[in-house]
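# Fold and contact review
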Amino acid sequence: MLRLAIASDHGGFNLKAEIFDALTKWGFVVEDLGTHSTASCDYPDYAHLMAHTILDGRADLGVLVCGSGVGMSIAANKHPGIRAAVVSDPYSARKCREHNHANILCLGERVLGSGLALVCVRAWLDAVPDPDPRHVRRIAMIEPGKRAT
Ligand code: RB5
């Protein structure tokens, strides 16, 4: 069973709570890394905490929520080995896991209603990373300094 983590800033707090409840209902074990209120806070703190949680092996996949999803994705993607995709439709949610092996899904509470957000989360979790060598090669090439072979 996948080990999941979820985090948000204040701008994503309410959607995080709805996603946490859905993930629990779907039978996943989820660690809530915060924030724990709508008090103003800084999204990079939670993006970096999530990145470390995944890179240290304490979770397999993570969901990050902020107002737009964008700040979280920019910050999380500073970490080599993190592939954070901000999505607002189920096709991109599925493809970012199949083709890009995205290990973090970023969502915007001010962009998506909770219904569509949950459809995106479910599409991402149900997708299977495609092991085709062309995808594996391209994913390796994402890291700075890697070239096509
Ligand atoms: C907070 O107001 C907002 O800037 C943040 O949640 C996020 O959207 C940043 O990308």
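From a predicted model like this one, the values you see are computed outputs, not experimental measurements.

Helix and strand content of the chain: 6 helices and 5 strands. Starting at the N terminus and ending at the C terminus, the chain contains elements arranged as β-α-β-α-β-α-β-α-β-α-α. For the chain, whose C-alpha radius of gyration is 14 Å, the value lies close to the compact-globule estimate of 15 Å for 149 residues. Structurally, the chain occupies a C-alpha span of about 50 × 30 × 25 Å along its principal axes. When burial is assessed residue by residue, the chain has 47% of its 149 residues classed as buried.

Moving on to helix H1 (residues 13-25). With 13 residues, H1 extends 18 Å from end C-alpha to end C-alpha; this agrees with the ideal 18 Å at 1.5 Å per step. Here the buried face of H1 lies against strand S1 (3-8), strand S2 (29-32), strand S3 (61-66), strand S5 (104-108) and helix H5 (114-126). Once H1 finishes, Gly 27 follows within two positions and takes phi at roughly 95 degrees, a positive value.

Once that is clear, we can look at the packing of aromatic side chains. Under the defined criterion, the tally for this structure stands at 0 aromatic pairs. The ring of Trp 26 is capped by Arg 122, whose NZ or CZ atom sits 4.7 Å from the centre of that ring.

With that out of the way, let us pick up the environment of Val 119. Considering the arrangement of structural elements, one finds Val 119 in helix H5. Given a relative accessible area of 42%, Val 119 falls into the partly exposed group. As a C-alpha pair, Val 119 and Ala 140 span 21 residues in sequence and 29 Å in three-dimensional space.

With that settled, consider a nonpolar patch on the surface. On the surface, a nonpolar cluster with roughly 240 Å² of combined accessible area is contributed by Val 70, Ile 74 and Val 86. With relative accessibility at 38%, the residue Val 86 sits in the partly exposed group.

Our focus in this paragraph is the sheet that holds S1. Each strand in a sheet pairs with its neighbour through backbone hydrogen bonds, running either in the same direction (parallel) or in the opposite one (antiparallel). Judged by pairing direction, the sheet is parallel, and its 5 strands sit side by side in the order S2-S1-S3-S5-S4 without closing on themselves. The outermost strands of the open sheet, each flanked by one partner alone, are S2 and strand S4 (84-86). Recorded for the sheet is a direction-independent mean angle of 25 degrees between the axes of neighbouring strands. Pairing between S1 and S3: 5 bridges, direction parallel. Looking across to S3, one finds that Ala 5 is bridged to Gly 62. Its contacts with the sheet place helix H2 (residues 43-55) against S1, S3 and S5, and it is angled at close to 175 degrees to S3. Contacts from H5 reach S1, S3 and S5 within the one sheet, and its direction differs from that of S5 by about 170 degrees.

This part is about the side chain of His 135. Tracing the chain through its elements places His 135 in helix H6 (residues 133-142). Look past the residues within four positions of His 135 in its chain and what remains in contact with it is His 99 and Asp 130.

In the region of the ligand, the neighbouring residues are Asp 9, His 10, Tyr 43, Cys 66, Gly 67, Ser 68, Gly 71 and Arg 110. The separation between an oxygen atom of the ligand and a polar main-chain atom of Gly 71 is 2.9 Å. Arg 110 places a side-chain nitrogen or oxygen 3.3 Å from an oxygen atom of the ligand. Here the ligand has 300 Å² of accessible area as a free molecule, and 71% of this is covered by the chains. Grouping the amino acids of the shell around the ligand by side-chain chemistry returns 2 nonpolar, 4 polar and 2 charged.

How each quantity is defined
Residues numbered from 1 in each chain as written. Predicted model: local features only at pLDDT ≥ 70, side-chain atom pairs only at ≥ 80, totals over all residues. Heavy atoms only, no water. Helix = DSSP H or I, 4+ residues; strand = E, 2+ residues; numbered from the N terminus. Rg over C-alpha atoms; globule rule 2.2 N^0.38 Å. Buried < 20%, exposed > 50% of the residue type's maximum accessible area, 1.4 Å probe, protein only. Expected span 1.5 Å × (residues − 1). Contact = heavy atoms within 4.5 Å. Phe/Tyr/Trp six-rings, centres within 6.5 Å; stacked < 30°, edge-to-face > 60°. Lys NZ or Arg CZ within 6 Å of the ring centre and 35° of its normal. Patch = residues over 30% accessible without salt bridge, like charges linked within 9 Å, V, L, I, M, F, W, Y side chains within 5 Å. Areas by Shrake-Rupley, 256 points an atom, 1.4 Å probe, with all protein chains shown as cover. Salt bridge = Lys/Arg side-chain N within 4 Å of Asp/Glu carboxyl O. Pairing = 2+ DSSP bridges. Axes fitted to C-alpha atoms, helices over the stretch in contact; angles between N-to-C directions. Near = heavy atom within 4 Å. Polar contact = N/O pair within 3.5 Å; in protein donor to acceptor, adjacent residues only side chain to side chain. Nonpolar A, V, L, I, M, F, W, Y, C, P; charged D, E, K, R; others polar.

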